[in-house]
Amino acid sequence: MIESKEKQVSNREVKASAFTTYFGEPENAAQLYAALDGREVSPEDIRFTTLEGVLFVARKNDMAFTVKNKVLVISEHQSTINYNMPLRSVIYYGRTMERLIEPKSLYREKKIPIPTPEFYVFYNGDAPFPAEDIMKLSDTYLEKTNSPMLELSIKVININLPVNHKILEKCRPLYEYSWFIQRIKQYLASGKERDEAITQAIKDCEKEGIMVDFVKKHGSEAVNMLFTQFNMEDALEVRYEEGFEDGIEQGIKQGIEQGIEQGEFANLIRLICRKLKSGKSPEMIAEALEEEVGVIEEICKIIADCGIDSDIDKIYLNGHKVHKYEDYKIESSYIQIENSQLKENIIN
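Note that the coordinates shown come from a computational prediction; the quantities given were computed from them, not determined experimentally.

Once that is clear, we can look at the overall build of the protein. Of the regular secondary structure elements, the protein holds 13 helices and eight strands. Looking at the 348 residues of the protein, the share that counts as buried comes to 47%. Pairs at least 24 residues apart make up 65% of the contacts formed inside the protein by residues separated by at least 6 positions.

Turning next to the sheet that holds strand S2 (residues 62-67). The sheet built from six strands is open, its strands ordered S1-S2-S3-S4-S6-S5 with mixed pairing. What marks the edges here is a single partner per strand, and that holds for strand S1 (47-48) and strand S5 (132-136). Note that S2 and strand S3 (residues 70-77) share six bridges and pair antiparallel. Counted as the bridge partner of Asp62 is Ser75 from S3. Strands S2, S3, strand S4 (116-123), S5 and strand S6 (153-158) of the sheet are contacted by helix H3 (residues 85-100), whose axis makes an angle of about 140 degrees with S3.

Contact pair helix H5 (residues 172-189) / helix H6 (residues 194-208): the axes reach a minimum separation of 8 Å and the direction vectors enclose 135 degrees. Looking at the two axes, H5 sits oblique to H6. At the point where H5 passes H6, the crossing takes the right-handed sense. Only Arg194, Ala197, Ile198, Gln200, Ala201, Ile202, Asp204, Cys205 and Glu208 of H6 make contact with H5, whose side of the interface consists of Trp179, Phe180, Arg183, Ile184, Tyr187 and Leu188.

Our focus in this paragraph is the nonpolar core. Within the largest apolar cluster, 43 residues are counted, with the highest numbers of intra-cluster contacts made by Leu36, Phe65, Ile74, Phe122 and Leu174. Among the elements that take part in this core, H5 stands out by supplying seven residues, more than any other.

Counting buried positions along S3 gives eight out of eight residues, so the element sits mostly inside the fold. Along S3, one buried face is formed by Lys70, Leu72, Ile74 and Glu76 and the opposite face, lined by Val71, Val73, Ser75 and His77, is buried too. Taking the residues between adjacent antiparallel strands as the criterion, S2 and S3 are bridged by two residues, where Lys68 takes a positive phi near 55 degrees. As paired elements, S3 and S4 share eight bridges and run parallel to each other. When the bridges of S4 are listed, Ser75 appears paired with Val121.

In this model, Asn164 sits at a positive phi of 60 degrees, which is unusual for a non-glycine residue. Counting through the fold element by element, Asn164 comes out in the loop between S6 and helix H4 (167-170).

Overall, the coordinates contain 13 salt bridges when judged by the stated rule. Across the pair Glu118 and Lys70 runs a salt bridge, and its minimum N-O distance is 2.7 Å. Of this pair, Glu118 sits in strand S4 while Lys70 sits in strand S3, placing them 48 residues apart in sequence. For the pair Glu118 and Lys70, a shared accessibility class is recorded, and that class is buried. With a closest N to O distance of 3.0 Å, Arg172 and Glu176 form a salt bridge. Of this pair, Arg172 and Glu176 both sit in helix H5, four residues apart, which is roughly one turn of that helix. By relative accessible area, Arg172 is classed as partly exposed at 44%.

The rules behind the values
- Residues numbered from 1 in each chain as written.
- Predicted model: local features only at pLDDT ≥ 70, side-chain atom pairs only at ≥ 80, totals over all residues.
- Heavy atoms only, no water.
- Helix = DSSP H or I, 4+ residues; strand = E, 2+ residues; numbered from the N terminus.
- Buried < 20%, exposed > 50% of the residue type's maximum accessible area, 1.4 Å probe, protein only.
- Contact = heavy atoms within 4.5 Å.
- Pairing = 2+ DSSP bridges.
- Axes fitted to C-alpha atoms, helices over the stretch in contact; angles between N-to-C directions.
- Parallel < 35°, antiparallel > 145°, perpendicular 65-115°, else oblique.
- Left-handed = near helix turned anticlockwise from the far one by under 90°.
- Core = buried A, V, L, I, M, F, W, Y, C linked by side-chain atoms within 4.5 Å.
- Salt bridge = Lys/Arg side-chain N within 4 Å of Asp/Glu carboxyl O.

Structure representation (structure tokens):
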């Protein structure tokens with residue numbers, strides 16, 4: 001089998017979400033595996049191999065573990081489904097193998113047995129989605145073939161309580177987690193503020209015997225995870241990351257520099273305005289967005305000159321005149337591109 005160089009990594013070490021912390025408990029992970037695979041395993045069979053900051057930037061909503069002869073990569077989506085997950089999962093799987101296999105063993109003639117990979121996304125967002133679906137890496141290929149030489153499939157399972165997927169009957173921890181999230185959503189829909197909705201849902205859990213051990217064990221840490229999870233600003237941060245991707249797509253069609261600026265810079269302005277209105281300083285905003293303080297301060301000055309309630313397009317136009325952002329770097333957990341390099345690569 002594999003000569004593993006992997007060290008067990010707890011989800012708390014990678015600042016996980018409530019989902020990955022809850023299923024970071026070997027007992028819960030074992031029950032989840034049994035529901036997916038149909039075979040019972042003991043908690044001692046679970047070995048976590050979660051990587052930090054590969055599938056998600058703003059939140060750690062992914063986890064991975066080996067069990068028996070398999071390695072499972074699992075993600076939770078609370079907004080819309082990201083159809084780039086097969087591509088992200090290829091990267092994740094490659095890095096996981098790097099941790100599991102000694103580099104020197106790759107040069108041996110003898111075949112190296114590796115765990116069979118399986119990829120899952122648990123969806124509990126609000127947009128309509130079928131109970132189950134399959135996403136494939138080949139769906140993104142520019143040139144389609146009947147038998148692609150590289151394929152990766154992800155099973156997407158809708159775990160929203162009203163959908164009533166059969167896995168919720170097979171896995172009690174997953175049912176309880178879905179029940180908990182559904183209760184928070186119901187309180188938010190009824191008009192309660194985020195903090196009040198989460199606090200009341202936790203009280204309901206204690207009353208109904210739902211996720212009791214998790215709440216007791218993690219206490220205020222669990223509450224903070226959920227506060228972040230349902231934070232609208234957090235959702236805007238995701239939009240900011242997606243804005244860069246939108247900018248690339250526009251750039252291919254309309255010009256690389258214009259597309260990146262429109263997709264990235266406008267969303268960045270919108271997010272900064274939101275944070276300024278909530279009383280955050282440029283330093284706090286820079287830390288939250290993991291950007292240079294100088295860049296944030298300059299944009300804050302542009303916003304102040306235009307007026308914080310001004311139209312985003314007006315602020316964008318003024319900012320565009322002041323700073324072209326030609327050398328601005330965008331970093332994520334798995335890619336770092338300079339605008340000049342991006343332009344060169346696409347042209348070539």
